[in-house]
Amino acid sequence: MMMNCTSFNSVVEKIKNQKKKLFVVFFAVCGAIIAFILFFHTRVFTSNELIIHVTSDMHAGSKKTRDYSDERPGNIVYPKEWKEYYTKFLNKPGDVYITLGDNIQTDSEKDTKKYPLIRALDEKYAQGKIVLHVVGNHDNRDKFELLSPQKYQAVDTGNWRIIIVNTEENPAGGGGISETQFAWIREQVATEKNVLIGMHRPLFSEEDLTLPTNDYSLKLLEIVKAHPNIKYVLFGHYHVLHNEVRTFPEYNDTKFIYVQAMTLKGFKGNFLTLKLEK
């Protein structure tokens, strides 16, 4: 049977209309995909959130167990397992990674060789990120440059200034902060930025977390009191306080946080994560 011209033209017109509809649907889908990608990029890759991961007292060494539970109940760490948990720490998505001292078990030549290994992991897993290491009482002060070029330093990121303090400047041991460093700290906190301070030895006694430990603690607390922009002060050293937070009205409700040891028995791999507004 022969199709007349009117029927043929009608079929052609229907095909054209179907093609137009397909094109409209195609471009609508493409537009939706592009809009989703732009939205995702804006929310994820241009996030206004600054993520800071903090750990402490890695005690990297060859010793299997370090048991000081007779001094502090529960104070058992596993120096030989440092690499496993430090790698997991660095693999957490974030912007800044801080270790709060006692990066190695002893200042012996054998343990000091762990410094280049720690730096190699930093470069492998946190390349392009901010990685800061604090000096602790177990660290090798004479060779700390193998881990970090500075023993105290300040880094700005977004609306935050991160200040790393060295509490190991007493030649006789027992902790200390020099007048030179105090002058530098006063300069660094005089900023419009919010401030986070990381240090090894706490400013408050382990027996009573309301009592300053010594003269340099009192001096640093006076600086905190005079600068409401200091929002966080982070400590290591005590091992067994599980990221415990203390605040005091007289210190502007600054958050003083005690970060647990990285391989603490029963809490291996736990660390502190702060999510701050840039």
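Computed from a predicted model, the values in this text were never measured in an experiment.

(A) Here's a closer look at the sheet that holds strand 11 (residues 255-258). Strands sit in the order 6-7-8-9-11-10 across an open sheet of 6 strands; the sheet is mixed. The strands lining the two open edges of the sheet, one partner per strand, are strand 6 (153-157) and strand 10 (244-246). With strand direction ignored, the average angle separating the axes of adjacent strands in the sheet is 20 degrees. The sheet contact formed by strand 10 and strand 11 spans 3 bridges and is antiparallel.

(B) Region of the structure containing the nonpolar core. By size, the foremost hydrophobic cluster in this structure holds 27 residues, and its most contacted members are Ile185, Leu203, Val233 and Phe256. Elements with a contribution of two residues or more to this core: helix 5 (179-189), strand 8 (194-198), helix 6 (215-226), strand 9 (230-235) and strand 11. At 5 residues, helix 6 tops the list of elements feeding residues into this core. Those residues in contact with phenylalanine 256, other than ones at most four positions away along the chain, are Leu203, Phe204, Leu221, Val224, Val233, Phe235, Glu244, Val245, Arg246, Phe248 and Tyr251. Ile52, Tyr232, Ile257 and Val259 belong to the second largest nonpolar core, which has 20 residues in total.

(C) View of the pairing of strand 11. Pairing of strand 9 with strand 11 involves 4 bridges; the strand directions are parallel. Bridging from a neighbouring strand, leucine 234 pairs with isoleucine 257 of strand 11.

(D) Inspection of the sheet that holds strand 4 (residues 96-99) at higher detail. The strand order across the open sheet built from 4 strands is 5-4-1-12, with neighbouring strands paired in mixed fashion. Both outer strands of the open sheet, strand 5 (130-133) and strand 12 (272-277), are each paired with one neighbouring strand and no more. Looking at each pair of strands side by side, their axes are set apart by 20 degrees on average, direction ignored. Relative to strand 5, strand 4 runs parallel, the two being bridged by 4 bridges. Looking across to strand 5, one finds that tyrosine 97 is bridged to valine 131. Of the strands in this sheet, strand 1 (49-55), strand 4 and strand 5 are in contact with helix 2 (residues 82-90), which crosses strand 4 at around 150 degrees.

(E) Spatial organisation of helix 4 (residues 114-125). Between its first and last C-alpha, helix 4 extends 17 Å over 12 residues, near the 16 Å set by a 1.5 Å rise per residue. In the core, the buried residues of helix 4 are packed alongside helix 2, helix 3 (109-112) and strand 5.

(F) The arrangement of the packing of helix 5 against helix 6 in detail. Remark: helix 5 packs on helix 6, axes separated minimally by 11 Å, with the N-to-C direction vectors making an angle of 15 degrees. For the element pair helix 5 / helix 6, the angle class is roughly parallel. Regarding helix 5 and helix 6, the two cross each other, and that crossing is right-handed. Residue-level inspection shows Glu179, Phe182, Ile185, Arg186 and Val189 of helix 5 in contact with helix 6, the latter providing Tyr216, Lys219, Leu220 and Ile223. Class assignment of the residues belonging to the contact of helix 5 with helix 6 gives a composition of 6 nonpolar, no polar and 3 charged.

(G) Molecular detail of the environment of valine 54. By the secondary structure assignment, valine 54 is in strand 1. When the C-alpha positions of valine 54 and asparagine 243 are compared, they lie 9.7 Å apart, and in sequence the two are 189 residues distant. If we skip the residues at most four places from it in the chain, valine 54 touches Phe89, Ile98, Leu100, Leu234, Val259, Phe271 and Leu272.

(H) View of the side chain of lysine 114. Here lysine 114 shows up in helix 4. Summary of buried charges: lysine 114 has no salt-bridge partner, and the nearest side chain of opposite charge, aspartate 111, is 4.7 Å away. Contacts of lysine 114, omitting those with residues within four sequence positions, involve Ala60, Gly61, Ser62, Trp82 and Ile104.

(I) Broad picture of the pattern of salt bridges. For the structure shown, the criterion picks out 9 salt bridges. Of the charged contacts, one joins arginine 161 and aspartate 156 as a salt bridge, the two residues approaching to 2.7 Å between their closest N and O atoms. Its relative accessible area of 39% is what places aspartate 156 among the partly exposed residues. Sharing partners across several salt bridges, the network here consists of Arg141, Glu168 and Arg201.

(J) Expanded view of the confidence of the model for the protein. Across the protein, the average pLDDT comes to 90, with 84% of residues at 70 or higher. Across residues 39-45, where pLDDT falls below 50, the model places 3 contacts with residues more than four positions away in sequence or in other chains.

(K) Looking closely at unusual backbone geometry. Positive phi values are uncommon outside glycine, yet aspartate 102 reaches one of about 55 degrees. Summarising the element assignment, aspartate 102 is placed in the loop between strand 4 and helix 3.

(L) View of helix 6. Spanning 12 residues, helix 6 covers 17 Å between terminal C-alpha atoms, matching the ideal 16 Å at 1.5 Å per step. Along helix 6, the positions that sit buried rather than exposed are Tyr216, Ser217, Leu220, Leu221, Ile223 and Val224. Across the axial projection of helix 6, the buried residues extend over an arc of 155 degrees, all falling on one side. What points out from helix 6, more than 90 degrees from its buried face, is the exposed set Asp215 and Ala226. The elements touched by buried residues of helix 6 are helix 5, strand 9 and strand 11.

Definitions and cut-offs
- Residues numbered from 1 in each chain as written.
- Predicted model: local features only at pLDDT ≥ 70, side-chain atom pairs only at ≥ 80, totals over all residues.
- Heavy atoms only, no water.
- Pairing = 2+ DSSP bridges.
- Helix = DSSP H or I, 4+ residues; strand = E, 2+ residues; numbered from the N terminus.
- Axes fitted to C-alpha atoms, helices over the stretch in contact; angles between N-to-C directions.
- Core = buried A, V, L, I, M, F, W, Y, C linked by side-chain atoms within 4.5 Å.
- Buried < 20%, exposed > 50% of the residue type's maximum accessible area, 1.4 Å probe, protein only.
- Contact = heavy atoms within 4.5 Å.
- Expected span 1.5 Å × (residues − 1).
- Parallel < 35°, antiparallel > 145°, perpendicular 65-115°, else oblique.
- Left-handed = near helix turned anticlockwise from the far one by under 90°.
- Nonpolar A, V, L, I, M, F, W, Y, C, P; charged D, E, K, R; others polar.
- Lys, Arg positive; Asp, Glu negative; His and termini not counted.
- Salt bridge = Lys/Arg side-chain N within 4 Å of Asp/Glu carboxyl O.
- pLDDT = per-residue confidence, 0-100.
- Arc of directions from axis to C-beta.

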